[in-house]
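Chain and residue survey
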Amino acid sequence: MGEPDHHAPICRINNLPYDTLYIIFIICWKDARKQPPGRVIHCHWPVIASHVCRLWRQYALDTPVFWSYFQFLESIPRLEMYHEWFARLKNAPFDVYIGWKHFTGASVKHAKAIMRLIMPHISHLRSLYTAYIPLKILQLILNRLSDANAPLLEKLRLARLRSSYDDRPESLQKKIKIKLFQHGQVPSLKEVELDGLPHDYVTTHFGETLSTFKISPRTEFATPQDDARLAQRILSQSPGLRAFGFFGVTRALGDAQAVPNPPLPPVHHAGLQEMYIRANQPTRNMIMCSLTLPRIRYFLNDFKDELPLGLSCLQHIGLGPFPSLISLRLRGNRRSWGATNDTRDPLNSRNLMQLSSALEALPELRALTFQNVDFENAGCLIKCLGGAKCCPRLQWLTLLQCLGYTVHELRSVVETRRSLKNVDPLVRVTVYEWPPSTSSIHGDDEARDWLGQAVDFRASVTYTLEDPEQNYLRVVEGVQRGAVTTPSYEP
């Protein structure tokens, strides 16, 4: 091995073209902004970059985007620093994040100081987030924005500190008055998220132009009917929505079999394509059974995992409210691993009678998952999936901890669908069962071997939501797991 060549050229970062160095700076700035929610960052990346050398300082000062993110996280706002940032911003669009630490002491004083800093530049505000600040302070901020014109504002997220949960949505509407941009214009506003705040003013005044709306009503004692009516009102007032998130107070998972009672007349929304829900099973069922969404493609929770709908929704699905659905997860109640005729859920048989008509109303379905469903050894799978009208585009079939079927029945489903005209054959059949002693897929080695050759057949006793290879929406549709709501911690 020879001596090292001390005269070899050295690639120094300052010799890189400005465009390349600019991209590196932007990546570092974006990484610095991805800090855990609520974490105070005392060393801001633009400040660090501007103190490395003369060349970097010049680049930083000549790049307005570096100075476009204002985080008010410390107990005392860094107003002098941000005054200088606004000078360097040169009227470029900027984003504001207001945390809660300013408002533990001289709260009104700090709130007024922050708004005095922002308001002269409000015409270039691109997004505004508040993280669980007291209602008094939030109302002050909203009052300051009442007469403002913010033509570049695209995203708005407001979350109030809640010392206790509100009883019902009606009390929330009476307690808090939002008059946001009442006399101003926000023509670019597309995305709004409200946490613990009423929605009526926002959806009434901006519903025509909003494309995304998310709400966390925080009503502890709201019934499933209350939550469903709230979702209906929002969608009725917001015909332009493409994405809607409803994040209620989570309680026990609840019964998946009980039919929503009393049912609500369904509300039609022609444009909604994405829906995210965090709620217990009865609330999910009630919301779904109260809507008709012809363009919706799948239902997700607040982390973009597929949302299970209870078997009690089958009757509503059979009416054709979701004709564009491409993936569906149905959940039953598995109350006993060794279910018999005496221990089965009494509603199970009645709900399963609606399965065939429900699947016939899903012409675009590609992936079907059954979770904790007892098929009662009645041949439901072959009866429902063996017809030419039942999900003709279906390709993935998943059984997650289900009972009352056999591996021979799975083979019959695959064989039958192969023989039907204008029906796509199944390409993947996945079975997860636990404990193994209750497995429905053992005892017919010939059928298992045949499935292994005919399709991508997977049998396991382990299941995780995070496994991307076992999830149609991850593998085929590219839906990545991640939080839907804006991350922030409440003190």
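Each residue is numbered by its place in its chain's sequence as written, counting from 1. Reporting in this predicted model follows two pLDDT cut-offs: at least 70 for local features of residues, and 80 or more for side-chain atom pairs to be given and counted; totals over whole chains, interfaces and linings ignore these cut-offs and use all residues. Hydrogens and water are ignored here; the side-chain numbers use all heavy atoms of the structure.

Focus on the overall build of the chain
Every helix listed is a DSSP run of H or I at least four residues long, and every strand listed is a run of E at least two residues long, numbered separately from the N terminus. Assigned secondary structure in the chain consists of 17 helices and 17 strands. In the chain, which comprises 491 residues, the proportion classed as buried is 52%. Residue contacts follow a heavy-atom distance rule, with two residues in contact if any of their heavy atoms lie within 4.5 Å. When contacts within the chain are restricted to residue pairs at least 6 apart in sequence, those whose partners lie at least 24 apart make up 78%. Categorising residues by exposure relies on relative accessible area from a 1.4 Å probe, with only protein chains included: less than 20% of the type maximum marks a residue as buried, more than 50% marks it as exposed, and the intermediate range marks it as partly exposed.

Some words on the environment of E364
With respect to the helices and strands, the residue E364 is situated in the loop between α13 (355-360) and β14 (367-371). As a C-alpha pair, E364 and C391 span 27 residues in sequence and 6.7 Å in three-dimensional space. Discounting residues that sit within four places of it in the chain, E364 has contacts with P323, S324, L325, I326 and R393.

Overview of the pairing of strand β13 (residues 327-331)
Counting buried residues in β13 gives five out of five residues, a clear majority hidden from the surface. Burial along β13 is two-sided: S327, R329 and R331 facing one way and L328 and L330 facing the other are all buried. Here, a strand pair is defined by DSSP locating no fewer than two bridges between the strands. Of the strand pairs in this sheet, strand β12 (residues 308-310) and β13 are connected by three bridges, and their pairing is parallel. Looking at the pairing, G310 lines up with R331 of β13. Sheet analysis places β13 next to β14, joined by five bridges and oriented parallel. In the sheet register, L328 faces β14, and the bridge partner there is L368.

Let's talk about the packing of helix α5 (residues 107-118) against helix α6 (residues 135-144)
Packing of α5 against α6 brings their axes to within 10 Å, and their N-to-C directions diverge by 25°. Classed by the angle they form, the pair α5 and α6 counts as roughly parallel. Crossing geometry of α5 relative to α6 is assigned as right-handed. Of α6, the residues touching α5 (which contributes S107, V108, A111, K112 and M115) are K136, I137, L140, I141 and R144. Interaxial angles span 0 to 180 degrees and are taken between N-to-C directions of axes, which are lines fitted to C-alpha atoms, for helices over the stretch in contact. Should an angle fall under 35 degrees it is taken as roughly parallel, and over 145 as roughly antiparallel, whereas 65 to 115 is taken as roughly perpendicular and any remaining angle as oblique. Each crossing gets its handedness from the near helix: less than a right angle anticlockwise from the far helix is left-handed, clockwise is right-handed.

Details of the sheet that holds β13
Strand order across the open sheet formed by six strands is β12-β13-β14-β15-β16-β17, with parallel pairing between neighbours. In this open sheet, the two edge strands, each paired with only one partner strand, are β12 and β17 (456-460). Along the sheet, successive strands turn relative to each other by an average axial angle of 15°, direction set aside. Here five bridges tie β14 to strand β15 (residues 396-400), and the two strands are oriented parallel to one another. In the strand pairing of β15, A367 is matched with W396. Strand contacts of helix α15 (residues 407-419): β15, β16 (428-432) and β17, with the helix running at about 165° to β16, the strand carrying the most contacts.

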